[in-house]
Amino acid sequence: MNWTWFHKLASPPHFYRLAGRITPWLGWPAFLLIVIGLYGGLVLAPPDYQQGDAFRIVYVHAPSAWMSMFIYGMMAIAAAIGLIWRIKLAHAVAAAAAPVGAWFTFVTLVTGSLWGRPMWGTWWQWDARMTSELILLFLYLGLIALRASIDDRERADRASAVLALVGVVNLPIIHYSVYWWNTLHQGSTITKFGKPSITFDMLWPLLVMFVAFKLFFGMVLMLRVRGEVLRRERDASWLREELTR
Amino acid sequence: MNLSDFLAMGGYAAFVWPSFGLTLIMLILNVRNARRMHALAREHALRRLDAARKPT
Amino acid sequence: MMQTSITQAMALIYRGDLILAFRRWEQIAQPVVFLAMVTTLVPLALSPELGELREIAGGVLWIAALLAALLGLEFLYRSDHADGTLEQMLLSGQPLALIALAKTAAHWTASGLPLVLVSPLLAVGLGVPADALVVLMTSLALGTGILSSLGAVGAALTLGLRRGSVLLSLLVLPLAMPALIFGARAVDMAIHGEVARGPLLLLGAMFVLSLTLSPMAVAAALRISQE
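Residues numbered from 1 in each chain as written. Chains lettered and ligands numbered in written order. Predicted model: local features only at pLDDT ≥ 70, side-chain atom pairs only at ≥ 80, totals over all residues. Heavy atoms only, no water.

Caption draft 1: Focus on the overall build of chain A. Within chain A, the secondary structure is distributed over 8 helices and 0 strands. When the helices and strands of chain A are read in sequence order from the N terminus, they spell out α-α-α-α-α-α-α-α. Each of the 245 residues in chain A was classed as buried or not, and the buried ones make up 55%. A separation of at least 24 residues holds for 78% of the contacts in chain A among residues at least 6 apart in sequence. Carbon and sulfur atoms make up 68% of the accessible area of chain A, which amounts to about 11,400 Å² in all. Taking the average place of the 22 positive charges on the side chains of chain A and the average place of its 14 negative ones, the gap between the two points comes to 2 Å. (Helix = DSSP H or I, 4+ residues; strand = E, 2+ residues; numbered from the N terminus. Buried < 20%, exposed > 50% of the residue type's maximum accessible area, 1.4 Å probe, protein only. Contact = heavy atoms within 4.5 Å. Areas by Shrake-Rupley, 256 points an atom, 1.4 Å probe, with all protein chains shown as cover. Lys, Arg positive; Asp, Glu negative; His and termini not counted. Charge placed at Lys NZ, Arg CZ, Asp CG, Glu CD.)

Caption draft 2: Examining the side chain of histidine 61 of chain A more closely. Residue and element names in this part refer to chain A. Along the polypeptide, histidine 61 turns up in helix H3 (residues 58-85). Of the polar contacts made by the side chain of histidine 61, one reaches the side chain of threonine 111; its length is 3.0 Å. What histidine 61 contacts, discounting residues up to four positions off in sequence, is Thr108, Thr111, Gly112 and Trp115. (Polar contact = N/O pair within 3.5 Å; in protein donor to acceptor, adjacent residues only side chain to side chain.)

Caption draft 3: A look at helix H4 (residues 88-120) of chain A. All names here are of chain A. Taking 1.5 Å of rise per residue, the 33 residues of H4 would be expected to cover 48 Å, and the 47 Å separating its terminal C-alpha atoms lies within 8% of that figure. Along H4, the sharpest kink reaches roughly 25 degrees, centred on alanine 98 and followed within four residues by the proline proline 99. Positioned one or two residues after H4, glycine 121 has a phi angle of 85 degrees, which is positive. (Expected span 1.5 Å × (residues − 1). Bend = angle between axes of the 7 residues up to and from the residue.)

Caption draft 4: Region of the structure containing the interface of chain A and chain C. Each partner contributes residues to the interface: chain A has 28 residues there, and chain C has 27 residues. Both sides together, the interface formed by chain A and chain C hides about 2,400 Å², and carbon and sulfur atoms give 77% of it. Taken together, the connections running from chain A to chain C amount to 1 salt bridge. Among the salt bridges present, the one from aspartate 151 of chain A reaches arginine 162 of chain C, with a minimum N-O distance of 3.0 Å. At the junction of chain A with chain C, the criterion picks out 3 residue pairs in polar contact (both at pLDDT 80 or more). Of all the secondary-structure elements, those providing two or more residues to the side of chain A that touches chain C are helix H5 (128-149) and helix H6 (153-184) of chain A. Residue classes in the side of chain A that touches chain C are distributed as 19 nonpolar, 5 polar and 4 charged. (Buried area = accessible area lost by both parts, 1.4 Å probe. Salt bridge = Lys/Arg side-chain N within 4 Å of Asp/Glu carboxyl O. Nonpolar A, V, L, I, M, F, W, Y, C, P; charged D, E, K, R; others polar.)

Caption draft 5: Spotlight on the environment of isoleucine 36 of chain A. All names here are of chain A. With respect to the helices, strands and loops of the structure, isoleucine 36 is situated in helix H2 (residues 12-44). Residue isoleucine 36 is classed as partly exposed on the basis of its relative accessible area of 38%. Counting along the chain gives 109 residues from isoleucine 36 to alanine 145, while the straight-line C-alpha distance between them is 37 Å. In contact with isoleucine 36, not counting residues within four places along its chain, are Trp204 and Val208.

So yeah, pure geometry; function would need other evidence.
This is how it looks when you write it as structure tokens:
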């Protein structure tokens, strides 16, 4: 197999230019799809037969929840690539992704709580999904804190990568143990969350939002990686050509 | 369907609108932070290049 | 020159660390005293009624033991880092993961084991019946073992950082949550006279997993800290 494309992609100047070129191609579709998804979700979709209009929170809650997990996984893959092949760009990607992932996790928790209030009758329920999401937020915060407290960039990169990998090995364990724990203490919980009796006009805005959030993350990641690359490569000769052009 | 019905969200307005509002604010903040981070890094790099050029 | 085999090296490190630990006896005593204090706080804060305390004893003992075991973690590699021993370990040509395993074992013997040994005493104070004490000790032995091996990763990652100890707890506690779930549950089942085999077995599985995987992460983190 020919790996030149890979090495080319991993070279900072090439990636810097490429990222700059594709950012608008991610950003504008994301913007458009978010508008379409919001219109579909808030206006066109009929209210749920059980939850009424409160179910519409799913259009921001579910895509955020999916992104919070997706970003952690992607970050761990980037971290592994960075550790194994010593590719600096992969570390830059991991560094850029962590705060965005933490934001999505935070939004998932808050929207979950806002959804839970009318459904459960309380702002917070120690429900399995919410609890694992909270632990995920702690993992993100740990990563961000570790990176912030190491001054040497290379060490920060590699130490964060090790932690991200330890975290990703632990995530399934945390997930299943929290579910096990939750089924034990279920008794008192009364949920109005019905069976997924979702119709097509409820479903398509959700799918649109999923795609939109993914594109959005792509755009933000590209912007952040460009910033990271600039910070890391500040003495490289290509930077002189690139910036003074 | 009129506007006030839409805004009332079947009585769930106090939960639906903050959720959507917060999510949108988060999205906008993320774009702004990312753009600012890139702009700052660029400015910093340019200043470094200028400083490096001067002595010669 | 005589070659030292890795088993000899591990035994030497284990013994050396233990000798050092027992010379500084206050470091061994501190977590134990901390555990005793926290368990004393509980009746004072809630109620002296043994029947009520029994209901939460499993969780309380587990939380207190986890926090107590966190206390000494930051010292795990600190002196080795400061006096250059760590560098010698890296240069020794011995597999670093196994050296890390020996150090973790020594750390557990000096910090986890004392907690396990005093736990029955404190448990009786919280109204735990005598039949549950074996399960309590087993679960805590496995749990402090898991915390020592996870904590070793955290200690290696935060080596030489300012305010490393706060960061260390922030990194390690979320990873230790599954162990807490099963451990506290096992003790709770035993207190209520049920057979706590299931959670104990899962805890054992976690112990084996953390013991096999974390030395490698520690080795990687130590190499990174010395680059």
